[in-house]
Amino acid sequence: MVRLEEILEKVAAYSPNADLEVVRKAYVFSGVVHQGQIRQSGEPYLTHPLEVANILTGLKMDVQSVATGLLHDTVEDTHTTIEKIAELFGEEVASLVDGLTKLSKMTFDKKADHEAENFRKMILAMGRDIRVILIKLADRLHNMRTLGSLDPVKQRKIAQETMDIYAPLANRLGIGWIKTELEDLAFMYLEPEKYAGIREKLAKALDIKENFIETVKAEIDEKLKEHGVEGEVTGRPKHLYSIYKKMRDQDVDIERIYDILAFRVIVKNLKDCYGVLGIVHSTWKPVPGRFKDFIAIPKLNMYQSLHTTVVGPFGMRMEIQIRTEEMHKVAEYGIAAHWKYKEGRPVESKDEKSFAWLRQLLEFQKDLKDSDEFMDSLKVGLFPEEVFVFTPKGDIKQFPNGATPVDFAYSIHTDIGNTCSGSKINGKMVPLKYKLKNGDIVEIITAQNHHPSKDWLKFIVSSRAKARVRQWIKTEERAKSIALGREILEKEISKHNLEPGKLMKTDDLDRIAAGFGVQGTESLLASIGYGKLSVNQVLGKILPPEKLKEKQKFSFKKVFDKFTGGGAEKGRNAIIVRGVEDVMVRFAKCCNPLPGDEIDGFITHGQGVSVHAVGCPNLLHIDRDRRIEVAWDKKLKTTRPVHIQVVCRNEKGLLAEMTHAINNADANISSADIRTSQDDKAVCTFEVEVSDLNHLKSIIAAIKKIKKVIKVERLKSLNKDAEAEGIS
């Protein structure tokens, strides 16, 4: 276990003027409130905050951050309050602790909502003070290092969350060593067998090439001295998860992954970076297409370096990274290296782009109330953006892999995205779902009468574009639902001899809306339009129950008579029709519903009520006034005809087996049609009488058990022309 004095020595080394008393005081307080608490590993709980504080010294964080590392669980896991933390350690530390405290005392309908709100709060706190997420990453790193003491289910859950959220977050913040360790630890628990296999094979490969790293380092050192370049050379194998990703993406074994070794050359200035690149390429043959200049075009997480892959000694491929000392500092510490920002001072203009993604996350979380949408947006926003394209003016823009012209349009302005109608790539027209490639010059074509489509959500990838399209669709759907709700309500109000215009102008609907837990008349009308509230629920708040019931019966009969002419034959057929008794009911042949299917009805001209299965395409074209609620009469036992189609081998005796199976399932066969095909198969269509959906399932299951039967399915239509059945 790390000792407090070690932590204090490290802080003093990189911040000689720091007030170490704050850290000592936090240690004592944490020890008192956590006294008696034990971790799953059996260690005293205080070991965890101590290790978190130690990790923060590795990032060279200030004393407020280190103190918060010692205090981060005190409010959540003890009786301590934020007010107490503020009183003892000041508002700055209290704010950091509050940002790290989970929403354990709030209740949510779904576990996913609870997890999403925890991340939402974390993102908001991160926007106020970036140190919140740095402390959270230190907390997660130590938890991952000690994950072995938890049960396997919890291990996988935490490891998956780490791989989905925290490792990408460390990457976006530019903290390479934390990202690498989190990925390897998560990989170990998510794919233990693959992890062990790669680790073993890598160890063997390095044993074979025991002196390879030292040989290459010595050769690079010698070349640098020859050219008068001062630099530090290091070498190491790549981390296990990056090797696994290459194996997975290239679909090869580790023996086919050639560049498993990486060397780093750290020099004094920018000029020497490109000088060393020339030295390396003149010493070993570069691999075509494997050079990347992240100095000229830095990553959004501020990372800068030259990357090249060469064929080194013994024909071994190896990656060489070249950067300055300042670039290396940023690569190791990322956003933690930017003291000005974390101390609350203005961000320098050269660093402004580094925080653009964070501003976008803060912007999107306001619009995304649905937990699934928010988590999707968060995950997409955290992954590295690797496609570099140009505007017509030559400005560089970066996007996630798979980004499209629509993503590009929304990155310029929401209005450009909302009116995007086409795109030119390198001067040529392309579809909106075209995937951008490095170096593309992108031009957006707009049209004021063109608007976003739900289909765009199938191919756009950036968080900004997805959030804006969803927002536009929701706004449009709400407007349509308000108009529809108003029309429905006005029509029903008129039926009760009330004046819609007069009622709409009073505060009555606002009062009624509040009673249903919605805000204002428009939200009430939208709820009616969406179908969340029925018009009768609203009328029930206006009219006495007896008057409403009386009017409902009358209106149903009136509507029914209007369309049937009042002359429909009456009868009963296992169907209950709401509001009308003793009417003729017929089952639509286009979908042939069975007891157990969800059903809907509509009033026909002179033929009573036609009953369809919910989802039947023919229902989409029916006038709303002719729709009527129907339900199966569970008290009445009856049978319904259904067609079952069986595809089987054309073999002797198979038909007898199938009819025997149907009879054993207590079903009567009304007719059978047998057709053979040239590929020695038979298609058998049986019309059988069944009592309900479960009865049908038992028949199909019995037929499927017969050998040589290839496929069994229910045919919804009862005849060849049924799908074209008109609505009359």
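Structure first, text after, so check above.
Just so it is clear, the model here is predicted, and its values are computed rather than measured.

### Here's the deal with the pattern of salt bridges
This structure, assessed with the given rule, holds 19 salt bridges. Across the pair Glu161 and Arg140 runs a salt bridge, and its minimum N-O distance is 2.7 Å. Placement of the pair is Glu161 in helix H10 (residues 152-172) and Arg140 in helix H9 (residues 131-145), with a sequence separation of 21 residues. Residues Glu161 and Arg140 agree in their burial class; the two are buried. A salt bridge links Lys217 to Glu214, with the shortest nitrogen-to-oxygen separation between them at 3.8 Å. Residue Lys217 and its partner Glu214 are both found in helix H13 (residues 212-226); the two are separated by three residues, about one turn of the helix. Through salt bridges with shared partners, a single ionic network connects Asp62, Glu92 and Arg131.

### Notes on the sheet that holds strand E11 (residues 442-446)
The strands making up a sheet are joined through hydrogen bonds of the backbone, oriented either antiparallel or parallel. Strands sit in the order E10-E9-E11 across an open sheet of three strands; the sheet is antiparallel. A strand with exactly one partner marks an edge of an open sheet, and here the two such strands are strand E10 (428-430) and E11. Each adjacent strand pair in this sheet contributes to an overall mean axis angle of 35°, direction not counted. Both strand E9 (residues 420-425) and E11 contribute to a ladder of five bridges, which runs antiparallel. For Lys424, the partnering residue across the bridge sits in E11 and is Glu443.

### Observations concerning unusual backbone geometry
The phi angle at Asn592 is positive, at roughly 45°, despite the residue not being glycine. Mapping Asn592 onto the fold places it in the loop between strand E13 (585-587) and strand E14 (599-603). The phi dihedral of Lys708 is positive, around 80°, even though this residue is not glycine. Here Lys708 is to be found in the loop between helix H29 (693-704) and strand E21 (709-715). The exposure class assigned to Lys708 is partly exposed, which follows from its relative accessible area of 45%.

### Some details on the side chain of Ser423
One can find Ser423 in strand E9. Given the relative accessible area of 0%, Ser423 is considered buried. Ignoring any residue separated from it by four or fewer positions in sequence, one finds Ser423 in contact with Pro405, Lys428, Met429, Val430, Leu432, Val442, Glu443, Ile444 and Ile445.

### Some remarks on the packing of aromatic side chains
Under the defined criterion, the tally for this structure stands at eight aromatic pairs. With a centroid separation of 5.8 Å and 75° between ring planes, the pair formed by Phe29 and Phe89 is classed as edge-to-face. With Phe29 in helix H2 (residues 20-33) and Phe89 in helix H6 (residues 82-89), this pair connects stretches of sequence that are 60 residues apart. A relative accessible area of 13% means that Phe29 is categorised as buried. One aromatic cluster in this structure is built from Phe187, Tyr195, Tyr241 and Tyr244. Against the face of Phe89 rests Lys25, its NZ or CZ located 5.5 Å from the ring centre. The lysine or arginine in question, Arg640, covers the ring of Phe587, its NZ or CZ lying 3.8 Å from the ring centre.

### Section: the sheet that holds strand E18 (residues 640-649)
What the four strands build is an open sheet, ordered E19-E20-E18-E21; its pairing is antiparallel. In the strand order of this sheet, the two ends are held by strand E19 (668-676) and E21, each with one partner. For this sheet, the mean angle separating the axes of adjacent strands, direction not counted, is 20°. Here E18 pairs with strand E20 (residues 681-690) via ten bridges, running antiparallel. For Cys648, the partnering residue across the bridge sits in E20 and is Ala682. Contacts from helix H28 (residues 654-664) reach E18, E19, E20 and E21, with the element oriented near 20° to E20. Each of E18, E20 and E21 is contacted by H29, which is oriented at about 165° to E21, the strand it contacts most.

### A short note on the side chain of Thr521
Here Thr521 is to be found in helix H25 (residues 520-530). Taking relative accessible area as the criterion, Thr521 reaches 16% and is therefore assigned buried. In this structure Thr521 touches Leu509 and Asp510, once residues within four positions along its chain are discounted.

### Remarks on the pairing of E19
Pairing between E19 and E20: eight bridges, direction antiparallel. Opposite Ala672, over in E20, you have Phe686 as the bridge partner. Linking E19 back to E20 in an antiparallel pair, the connection comprises four residues, with Asp680 at a positive phi of about 65°.

### Topic: helix H1 (residues 4-14)
Buried residues of H1: Leu4, Ile7, Leu8 and Val11, and no others. Looking down the long axis of H1, one finds its buried residues gathered within 95° of arc, a one-sided arrangement. Among the exposed residues of H1, those pointing more than 90 degrees away from its buried face are Glu9 and Ala13. In the core, the buried residues of H1 are packed alongside H2, helix H3 (47-58) and helix H4 (63-71).

What counts, and at which threshold
- Residues numbered from 1 in each chain as written.
- Predicted model: local features only at pLDDT ≥ 70, side-chain atom pairs only at ≥ 80, totals over all residues.
- Heavy atoms only, no water.
- Salt bridge = Lys/Arg side-chain N within 4 Å of Asp/Glu carboxyl O.
- Helix = DSSP H or I, 4+ residues; strand = E, 2+ residues; numbered from the N terminus.
- Buried < 20%, exposed > 50% of the residue type's maximum accessible area, 1.4 Å probe, protein only.
- Pairing = 2+ DSSP bridges.
- Axes fitted to C-alpha atoms, helices over the stretch in contact; angles between N-to-C directions.
- Contact = heavy atoms within 4.5 Å.
- Phe/Tyr/Trp six-rings, centres within 6.5 Å; stacked < 30°, edge-to-face > 60°.
- Lys NZ or Arg CZ within 6 Å of the ring centre and 35° of its normal.
- Arc of directions from axis to C-beta.

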